[in-house]
Amino acid sequence: MRDAAAKIAAILPPTPLFVSEIKGVPVAFKAESLQPIGAFKIRGAWHRLTALDENARLRGVVAFSSGNHAQGVAWAAKRLGMPAIIVMPLDAPRAKVDGTLALGAEVVGYDRHTESREQIAAQLAEARGATLVPSFDDAWIIEGQGSAGIEIASQLEAMGSGEPTHIVVPCGGGGLAAGLALALPHASITVAEPEGWDDMRRSLEASWILPVGDAPPSTSCDALMTKEVSPLTFDVLSRRDATGVAVSESHVKAAQRWAAERLRLVVEPGGAVALAALLAGEVAPSPGMVVILSGGNVDIDAYARAIGS
């Protein structure tokens, strides 16, 4: 984990840690939305791609993502001079597709309702001899995301605030949450998900993996629309006795507005669910709490409607 943190610290400055009071309690907010690609995914992508040998780099990488992992992989591949193919849903936010293309990656679209992104990506990787880079089901990716936890601990210490005691984190596949759980073994972990897509919450409560049900509701949290978590991330979080909460669309919009008004931050819906859980009372503020704002990639019109409603 510290190797991943050192690699990332060598090329990226730490993202800010802001403090604001919630119900009179100081709470820290980790602004991963301010990463160069607008999300924490740059961490795992850089850690994974820099571990590839020269021959593997020449053959390139294939990834699948709704947009944040896509941009993280594309950013790392461009910096390392590698070709990258990203499988993205046809309904992915335009800002995320454009951002991925601008970084030089090839984008292959698919229908998330009728096609399997994992199958498409695996076929592309096999056909081109490329390395498949999953968005969360990968030890390198989890380690890279966990570097955010190393930063948090260092930042809190520098602020004289002691160790983090409770981490509230957005969860899709669980890569970031699992990485933080490993990096901060003494902090409790709460994952936040949109209602109807809260499979990690239900899985942790049941003690085995439960997929998202049939016909899940629509959600603005495109980054968190993972239909089933992986044994790897589930196992880490289960062993750490992590808990989960679910938040409504209205709570997500309220959190986006709060972040804009109080922190002057643009946060995408999926990146705001942990904050939404706190503001909605699903999680009680406590000393040493850190809330992760995991992404800030938004289509500006949709964002304007969200914070203006």
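Everything discussed here concerns the structure shown above.
Read across the sheet, 4 strands follow the order 5-4-3-6 without closing on themselves; strand pairing throughout is parallel. Pairing within the sheet leaves two strands with one partner each, and these edge strands are strand 5 (106–110) and strand 6 (131–133). The mean inter-strand angle of the sheet, taken between neighbouring strand axes irrespective of direction, is 25°. Where strand 3 (residues 61–64) lies against strand 6, 3 bridges are found, and the strand directions are parallel. Of the residues in strand 6, the one forming a bridge with Ala63 is Val133.

All right, on to the pattern of salt bridges then. What the rule picks out here adds up to 13 salt bridges. Measuring nitrogen to oxygen at the nearest pair gives 3.0 Å for the salt bridge that ties Arg112 to Asp91. With Arg112 in the loop between strand 5 and helix 6 (117–128) and Asp91 in the loop between strand 4 (84–89) and helix 5 (94–102), the pair connects residues that are 21 residues apart, well separated along the chain. According to the relative accessible area criterion, Asp91 is partly exposed, its value standing at 47%. Among the ionic pairs, Glu268 bridges to Lys96, the shortest N-O distance being 2.7 Å. Remark: Lys96 occurs in helix 5 and Glu268 occurs in the loop between helix 11 (249–263) and helix 12 (273–279); sequence separation between them is 172 residues. For Glu268, a relative accessible area of 1% puts it in the buried group.

Looking now at the nonpolar core. Ranked by size, the top nonpolar core spans 31 residues in total, and within it Ile167, Val169, Val191 and Leu237 carry the most contacts. When contributions to this core are tallied by element, the ones reaching two or more residues are helix 7 (139–158), strand 7 (166–170), helix 8 (175–183), strand 8 (188–194), helix 9 (199–206), helix 10 (231–239) and strand 10 (289–293). Examining the composition of this core, we find that 6 residues originate from one element, helix 8, more than from any other. Discounting chain neighbours no more than four positions away, the residues touching Leu237 are Gly174, Ala177, Ala178, Ala181, Ile189, Val191, Met200, Leu204 and Ala242.

Extensive coverage of strand 10 is indicated by the burial of 5 of its 5 residues. Here strand 10 shows a buried face lined by Met289, Val291 and Leu293 and a second buried face lined by Val290 and Ile292. Pairing of strand 2 (residues 25–31) with strand 10 involves 4 bridges; the strand directions are parallel. Bridge pairing in strand 10 links Lys30 to Ile292. Alignment of strand 7 against strand 10, held across 3 bridges, turns out to be parallel. For Ile167, the partnering residue across the bridge sits in strand 10 and is Val290.

Moving on: helix 5. Among all positions in helix 5, only Lys96, Val97, Gly99 and Thr100 are buried. The buried residues of helix 5 occupy an angular sector of 165° when the element is viewed end-on, so they sit on one face. Contacts from the buried residues of helix 5 go to helix 4 (68–80), strand 4 and strand 5.

Further remarks concern the environment of Glu21. If you trace the backbone, Glu21 turns up in strand 1 (residues 17–22). Expressed as a C-alpha distance, the spacing of Glu21 and Ile85, which sit 64 residues apart in the sequence, is 43 Å. Not counting residues within four places of it along the chain, the set of residues in contact with Glu21 comprises Pro26 and Arg262.

With that settled, the discussion passes to the sheet that holds strand 9 (residues 243–247). Across the sheet, 6 strands lie side by side as 1-2-10-7-8-9; this open sheet has mixed pairing. Every interior strand has two partners, whereas the edge strands, strand 1 and strand 9, have only one. Sheet twist, expressed as the mean angle between neighbouring strand axes with direction ignored, is 25°. Relative to strand 1, helix 11 is tilted by about 115°, and along the sheet it contacts strand 1, strand 2, strand 9 and strand 10.

Next up on the list: helix 4. Because each turn of an α-helix spans 3.6 residues, side chains separated by three or four positions end up pointing in the same direction. Between its first and last C-alpha atoms helix 4 spans 18 Å; for 13 residues at 1.5 Å apiece the expected length is 18 Å, and the two agree. Counting buried positions along helix 4 yields 10 of 13 residues, so the element is predominantly enclosed. Within helix 4, the full set of buried residues consists of Asn68, His69, Ala70, Gln71, Gly72, Val73, Ala74, Trp75, Ala76 and Ala77. In this structure, the buried residues of helix 4 make contact with helix 2 (41–49), strand 3, strand 4, helix 5, strand 6 and helix 7.

Quick notes on the rules
For every chain, the first residue of its written sequence is number 1, and the numbers climb from 1 along that sequence. pLDDT decides what is reported in this predicted model: residues at 70 or higher carry local features, side-chain atom pairs at 80 or more are listed and counted, and totals for whole chains, interfaces and linings draw on all residues regardless. No hydrogens and no water enter the side-chain calculation; it runs on all heavy atoms of the structure. A strand pair is defined by DSSP finding two or more bridges across the two strands. Secondary structure elements are taken from DSSP: a helix is a run of H or I of four residues or more, a strand is a run of E of two residues or more, and numbering for both begins at the N terminus. What counts as an axis is a line fitted to C-alpha atoms, over the stretch in contact for a helix, and the angles between N-to-C directions run from 0 to 180 degrees. By definition here, a salt bridge exists when the distance from a side-chain nitrogen of Lys or Arg to a carboxyl oxygen of Asp or Glu is within 4 Å. Whether a residue is buried, partly exposed or exposed follows from its accessible area with a 1.4 Å probe, protein chains only, as a fraction of its type maximum: under 20%, in between, or over 50%, in that order. Here, nonpolar core refers to any group of buried Ala, Val, Leu, Ile, Met, Phe, Trp, Tyr and Cys residues whose side-chain atoms link them within 4.5 Å. Whether two residues touch is decided by their heavy atoms; if any such pair falls within 4.5 Å, the residues are in contact. In this context, the arc is that of the directions from the helix axis out to the C-beta atoms. In a helix, the anticipated span is given by 1.5 Å times the number of residues less one.

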